[in-house]
Amino acid sequence: MTNETSFLRLQARTQRFTLGAPREFRVGRDHVLFLRTATGEDRTHILWRKDLATGAETRLADPATLLSGNEELSPEERARRERSREQGGGIVGYATDADVTTAAFALSGRLFVTVDGETRELDTPGSIIDPRPDPTGRHIAYVADNALRVVAVDGTDDRALAEPDGEDRAWGLAEFIAAEEMNRSRGYWWSPDGTRLLVAHTDRTQVQRWHIADPANPGSAPHTVAYPAAGTTNVTVRLAVIGLDGSRTDVDWAGEYLVTAHWSDNGLPLIATQTRDQRTYEIRAVDPDTGATELIHTDTDDTWVEIVTGVPAWTPGGELVRVEADGPANRLFIGDRAVTGDDLQVRSVLDVGDDVLFTASAGDPTQVHVYTATAGGVTRVSTEDGVHSASRGPGGLVLTSWSMDWAGSRHTIGGQEIANHAVEPPLTPNVRLLTVGERGLRAALLYPTGHVPGSAKLPVLMDPYGGPHAQRVLSTRNAYLGPQWLADQGFAVIVADGRGTPGRGPEWERAIANDFAGVTLADQVDALHAVAAEHPDLDLGKVAIRGWSYGGYLSALAVLRAPEVFHAAIAGAPVTDWRLYDTHYTERYLGHPDTQPEVYDRNSLIDDAPKLTRELLIIHGLADDNVVVAHAIRLSSALVAAGRPHALLPLPGVTHMTPQEDDVAENFMLMQVRWLKSALGLEK
């Protein structure tokens, strides 16, 4: 790879060097199942089995042999993949029984099941999504035409368990808000004995409709979506316990949001709910025979209660496992006892058994480690510096690790490595991880490859996300491949995580309440100045900023409100008016627009349009159903009305994910670099 464009093509072709890496592990007694593409440039995921005794890997299900033509996705499946930001193809998800001997998955809307290593198709009516075997492996539940159906694992006795009474209603599906903001992608949960299911019923009748058109194809009808923007009506969610014998018992619960559910053989099913303002979070046990619920625990907060993946859950002994903000830390609780202290910030719960498997950061938020906890104490499982996660079952624990010391991910179980076929990136990031400023902001500084400090002043490119729920500064090499390529175009690149990002405790996370604009912009400015104070090669007279999604909002905000600091910005898919973004995310941080309109005004970009004096390029996908293109158009219209020159680049057919086709992705990035250099006066 010698020319400057080859990295971009390879990055697109390999989906940022993730293809070929194993993922989605399910551990049985003597084997582990996982997904992986055949090579680092193949986008079709295959279901594999690794024998833990011999180490041999076997293809259990390959879409190339199961499908006679190209994969075809239903609108519902496309929506599920957009919510999870899934860009791969083939078998991108699957579910198993408790013993991991039966697996089910969908391909082109068709149902396939793998039993004891043999895969076959089961005939089903309509296009199906989200098939899941019951824990005993006797039946497969799935959703088709918004109805929850079940079929015996041998393909017999296919029938509907619950059918909707209108096109805006569905059984067994997660609504937009749950999938996009609450990390809940499912809408039904099997009982441990496989005789009943806890099922969500969603009704979007009262949710406002938005119409997403394709201007590049004016003959196509607009795509209509039910989008619950801040302050508007949400999808109504009900719950019922439905038996394979046809019985149905409605569950008595209250709350605006169904956060998650958990049904294990250790106790009654659990549900977690939130109020509309997200300041009250309740955990309730459900009596599956009567539908009555019992309040088990309530968590309240003056700002919001954070959702943590993997909880609530029961231990085998019937103790409740939860994570709660308590003083300076997000702590893990088993029963009434906090088993982690001030030194750990718990990130997620991975598994609950005789002990609790979880991830957390200790002191350094750029590192995430795997731990186990019992009432007797906490033990760290991962040993090397970096970012780690894990999956476990009767046969052991799969540890997945990323590090600054190697490219890509490593996956091990019981001393064996699960092969990773990902392509080796053709560059090694020249990155310095820093702690800067009075708030100890975590930042990464990248120079062009071969740059000698003190040899030349470099224009600066800030490359943030900068918003809540996401980190960019992590101790993993692959996180800096894109920033390094940008640095190699002649920039000193700074990536900084400010207040609101995870891993640093409740106070840090909640510092952004009611003030996206003020807090997150101040932290980017402080990071820039603090890094420049220690690294004099940075030219503060030529500073640009670029970002996507919240990073796009932050980039536009920077040139509008801090033009003395930032001289040019690329705002990709930016939120410009928070009244246009969804209820759960926006109201968590900014409150309800009817009761706090001044907060929405203060955090909007629209009224700032007359202030623009710097170069601004706005980029937006026309098919984006998350941050809809109206955000970009409204800001552009306000800028035109104010007589402020700017550029607007629409991307036909592009959703909230950036373009990934080889040539388009390459040209997309090269265009941005040319624009930045021109905007900063660097073109010769």
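On a predicted model such as this, the values are computed, not experimentally measured, just so you know.

Undergrad: What exactly am I supposed to notice about helix α1 (residues 6-13) here?
TA: Owing to its 3.6 residues per turn, the α-helix brings residues three or four apart onto one side. Most of α1 sits out of view: six of its eight residues are buried. Within α1 the residues assigned to the buried category are Ser6, Phe7, Leu8, Leu10, Gln11 and Ala12. On its buried face, α1 sits against α5 (481-487) and α12 (662-679). Among the residues trailing α1, glutamine 15 stands out with phi positive, at a value near 50 degrees.

Undergrad: Explain the packing of α1 against α12 to me, please; I cannot follow it from the model alone.
TA: The packing of two helices is summarised by the inter-axis angle and the distance between the axes. Where α1 contacts α12, the two axes come as close as 8 Å, and the packing angle between them is 130 degrees. Taken as axis vectors, α1 and α12 run oblique relative to one another. The two elements α1 and α12 meet at a crossing, and its hand is right-handed. Across from Leu8, Arg9, Ala12 and Arg13 in α1, the residues of α12 making contact are Asp662, Asp663, Ala665, Glu666, Met669 and Leu670. Broken down by class, the residue content of the contact of α1 with α12 amounts to five nonpolar, no polar and five charged.

Undergrad: Is there a simple way to explain the packing of aromatic side chains in this structure?
TA: Aromatic rings considered in pairs are described by the distance between their centres and by the relative angle of their planes. Under the counting rule described, the total for this entry stands at 21 aromatic pairs. Plain terms: the ring middles of tryptophan 548 and phenylalanine 668 are 6.2 Å apart, the flat faces sit at 85 degrees to each other, and that makes the pair edge-to-face. Of this pair, tryptophan 548 sits in strand β41 (residues 538-548) while phenylalanine 668 sits in helix α12, and the two are 120 residues apart along the sequence. On the basis of relative accessibility, which here comes to 9%, the residue phenylalanine 668 falls in the buried class. Relative to tyrosine 553, the ring of tyrosine 550 lies with its centre 5.3 Å away and its plane at 65 degrees, an arrangement referred to as edge-to-face. Taken together, the residues span about one helical turn, with tyrosine 550 and tyrosine 553 both in helix α8 (residues 550-561) at a distance of three residues. Taking the relative accessible area as the measure of exposure, tyrosine 550 reaches 3% and is therefore buried. Put simply, the rings of Trp304, Tyr465, Phe516, Tyr550, Tyr553, Trp578, Tyr581, Tyr585 and Tyr589 touch in pairs and so form one group of aromatic residues. Positioned over the ring face of tryptophan 406 is arginine 410, at 3.8 Å from the centre of the ring.

Undergrad: Even after reading the chapter, I still don't get the pattern of salt bridges, so can you show me in this structure?
TA: Close approach of charged atoms lets side chains of opposite charge pair. Applying the stated criterion across every chain, the model contains 39 salt bridges. Notably, a salt bridge pairs aspartate 526 with arginine 439, separated by 2.3 Å at the nearest N-O pair. Residue aspartate 526 is located in helix α7 (residues 516-534), and its partner arginine 439 is located in the loop between β37 (431-436) and β38 (441-446); the two are separated by 87 residues in the primary sequence. Using a relative accessible area of 30% as the deciding quantity, one classes aspartate 526 as partly exposed.

Undergrad: In this structure, what is going on with the side chain of arginine 322? I would like to understand it.
TA: The topology assignment puts arginine 322 in strand β26 (residues 320-326). Within the local environment of arginine 322, its side chain forms a polar contact with the side chain of histidine 297, the two groups lying 3.3 Å apart. Beyond its immediate sequence surroundings of up to four residues, arginine 322 is in contact with Ile283, His297, Val311, Arg331, Leu332, Phe333 and Gly335.

Undergrad: Help me understand the packing of α7 against α8 in this model?
TA: At a minimum axis separation of 10 Å, α7 and α8 run at an interaxial angle of 80 degrees. Here α7 is positioned roughly perpendicular relative to α8, judged by the angle of their axes. Of α8, the residues touching α7 (which contributes Phe516, Ala517, Thr520, Leu521 and Gln524) are Tyr550, Tyr553, Leu554, Leu557, Ala558 and Arg561. Considering only residue class, the contact of α7 with α8 consists of eight nonpolar, two polar and one charged.

What counts as what
- Residues numbered from 1 in each chain as written.
- Predicted model: local features only at pLDDT ≥ 70, side-chain atom pairs only at ≥ 80, totals over all residues.
- Heavy atoms only, no water.
- Buried < 20%, exposed > 50% of the residue type's maximum accessible area, 1.4 Å probe, protein only.
- Helix = DSSP H or I, 4+ residues; strand = E, 2+ residues; numbered from the N terminus.
- Contact = heavy atoms within 4.5 Å.
- Axes fitted to C-alpha atoms, helices over the stretch in contact; angles between N-to-C directions.
- Parallel < 35°, antiparallel > 145°, perpendicular 65-115°, else oblique.
- Left-handed = near helix turned anticlockwise from the far one by under 90°.
- Nonpolar A, V, L, I, M, F, W, Y, C, P; charged D, E, K, R; others polar.
- Phe/Tyr/Trp six-rings, centres within 6.5 Å; stacked < 30°, edge-to-face > 60°.
- Lys NZ or Arg CZ within 6 Å of the ring centre and 35° of its normal.
- Salt bridge = Lys/Arg side-chain N within 4 Å of Asp/Glu carboxyl O.
- Polar contact = N/O pair within 3.5 Å; in protein donor to acceptor, adjacent residues only side chain to side chain.

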